[in-house]
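# Examining the three-dimensional arrangement
Here is what each chain is made of, one letter per residue.
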Amino acid sequence: MRTSIPYVKTPTDAYLYLLDYINRKGDQVIDENGYNTKELLNIQITITDPCNPQNWPIPNTGWKLPALDEYVTREILSPNTSMPDGFRYTYGERLFNYPYCSWESSQIAYIIKKLNAEPTSRRAFAITYDPDLDMYEDSIPCLQLVNFLIRDGKLHLTTVFRSWDVKRAAPQNLYGLSKLIEYVAKQVGFPMGELTVFAVSAHIYEE
């Protein structure tokens, strides 16, 4: 099923809406690893207040702020290539230390430089997928693209997931992305705006 979701205010609103909507409207799909899932295709949601500290953590997900902050430090804002839990990459490595990159700065550093020079630029984006490394691997980035835009006096972030495990991954993903907005916003001198997530496959694994 193809669908889009209205604007919501908080990450908790987004999480609960997504879980309910996928459970009610999702299609039954057995994935390539043999797991039963419910899936919605090409789903989009915009969170209008993603960075307010009062909105974190999302209740009843098992995540507390110290663990979320550790996740951000280790896997979102660090260029460290030491991978946790057997993964071959972190989002931070791909955003801040893209493999084989010969640039003087990271993709995020370029985004900051670009927006400081041209606040209306549409070129402030970064990718995580590397065909040389990822094409034939089982573990490839779920988050594929981040795009920053300054509009209406605020810094907004749009992200694209090829595959999004909403129930298990969205709580930390959304927190990490809110901190990425905060990181860039501080360096471009604009207040934090909206977070939009587009997922080609938004799904829930069925127990």
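Residues numbered from 1 in each chain as written. Predicted model: local features only at pLDDT ≥ 70, side-chain atom pairs only at ≥ 80, totals over all residues. Heavy atoms only, no water.

### Some remarks on the overall build of the protein chain
The following threshold applies: Helix and strand assignments follow DSSP, with helices taken as H or I runs no shorter than four residues and strands as E runs no shorter than two, numbered in order from the N terminus. Atoms considered for the radius of gyration are the C-alpha atoms alone. The globule rule reads 2.2 Å times the number of residues to the power 0.38. The cut-offs for exposure are 20% and 50% of the maximum accessible area for each residue type, with area from a 1.4 Å probe on protein chains only; residues under the lower value are buried, those over the upper are exposed, and the others partly exposed. What sets the accessible areas is the Shrake-Rupley method with a 1.4 Å probe; for residues, cover comes only from the shown protein chains. Only four residue types enter the charge count: Lys and Arg as positive, Asp and Glu as negative, with His and the chain ends excluded. For charged residues, the charge sits on one atom: NZ in Lys, CZ in Arg, CG in Asp, CD in Glu.
Counting its secondary structure elements, the protein chain contains 6 helices and 7 strands. Along the protein chain, helices (α) and strands (β) appear in the sequence α-β-β-α-α-α-β-α-β-β-β-α-β when read from the amino end. A compact globule built from 207 residues should have a C-alpha radius of gyration of about 17 Å, and the protein chain, at 17 Å, falls within 12% of that. Expressed along its principal axes, the backbone C-alpha trace of the protein chain runs to roughly 45 × 40 × 35 Å. Burial status across the protein chain gives 47% buried among its 207 residues. Of the roughly 11000 Å² of accessible surface on the protein chain, a fraction of 50% belongs to carbon and sulfur atoms. One way to put it: in the protein chain the 20 positive side-chain charges average out to a point 7 Å from where the 25 negative ones average out.

### Looking at the pattern of salt bridges
How we decide: The salt bridge criterion pairs a side-chain nitrogen of Lys or Arg with a carboxyl oxygen of Asp or Glu, the two atoms within 4 Å.
Overall, the coordinates contain 10 salt bridges when judged by the stated rule. Residue Glu182 is joined to Lys186 by a salt bridge in which the shortest nitrogen-to-oxygen separation is 3.9 Å. One end of the pair is Glu182 and the other is Lys186, both in helix H6 (residues 166-188) and 4 residues apart, which spans about a single turn. A single salt-bridge network, built from bridges that share partners, covers Arg88, Glu93, Arg94, Asp134 and Glu137.

### Looking at the packing of helix H1 (residues 11-25) against H6
What counts here: For helices, the fitted axis covers only the stretch in contact; all axes are lines through C-alpha atoms, and the angles between them, taken along N-to-C directions, range from 0 to 180 degrees. Between 65 and 115 degrees an angle is taken as roughly perpendicular, under 35 as roughly parallel, over 145 as roughly antiparallel, and anywhere else as oblique. For any pair of crossing helices, the crossing counts as left-handed if the nearer helix is rotated counterclockwise from the farther one by less than a right angle, and right-handed if it is rotated clockwise. The contact criterion used throughout is that any non-hydrogen atoms of two residues lie within 4.5 Å. Under the grouping applied here, Gly and all other residues not named as nonpolar or charged are polar, the nonpolar ones being Ala, Val, Leu, Ile, Met, Phe, Trp, Tyr, Cys and Pro and the charged ones Asp, Glu, Lys and Arg.
Axis separation between H1 and H6 bottoms out at 11 Å; the angle between their running directions is 165°. Considered as vectors, H1 and H6 are oriented roughly antiparallel to each other. When you trace H1 past H6, the crossing you get is right-handed. Contacts between H1 and H6 involve Pro11, Tyr15, Leu18, Leu19 and Ile22 from the first element and Val166, Lys167, Ala170, Pro171 and Leu174 from the second. Of the residues in the contact of H1 with H6, the class split is 9 nonpolar, no polar and 1 charged.

### Thoughts on H1
Keep this limit in mind: To estimate the expected span of a helix, count its residues, drop one, and scale the result by 1.5 Å.
Along its 15 residues, H1 runs 21 Å from first to last C-alpha, staying within 8% of the 21 Å computed at 1.5 Å per residue. The set of residues buried in H1 consists of Pro11, Thr12, Ala14, Tyr15, Leu18, Leu19, Tyr21 and Ile22. Looking at the buried positions of H1, the neighbouring elements they touch are strand S2 (36-47), strand S6 (164-165), H6 and strand S7 (192-205).

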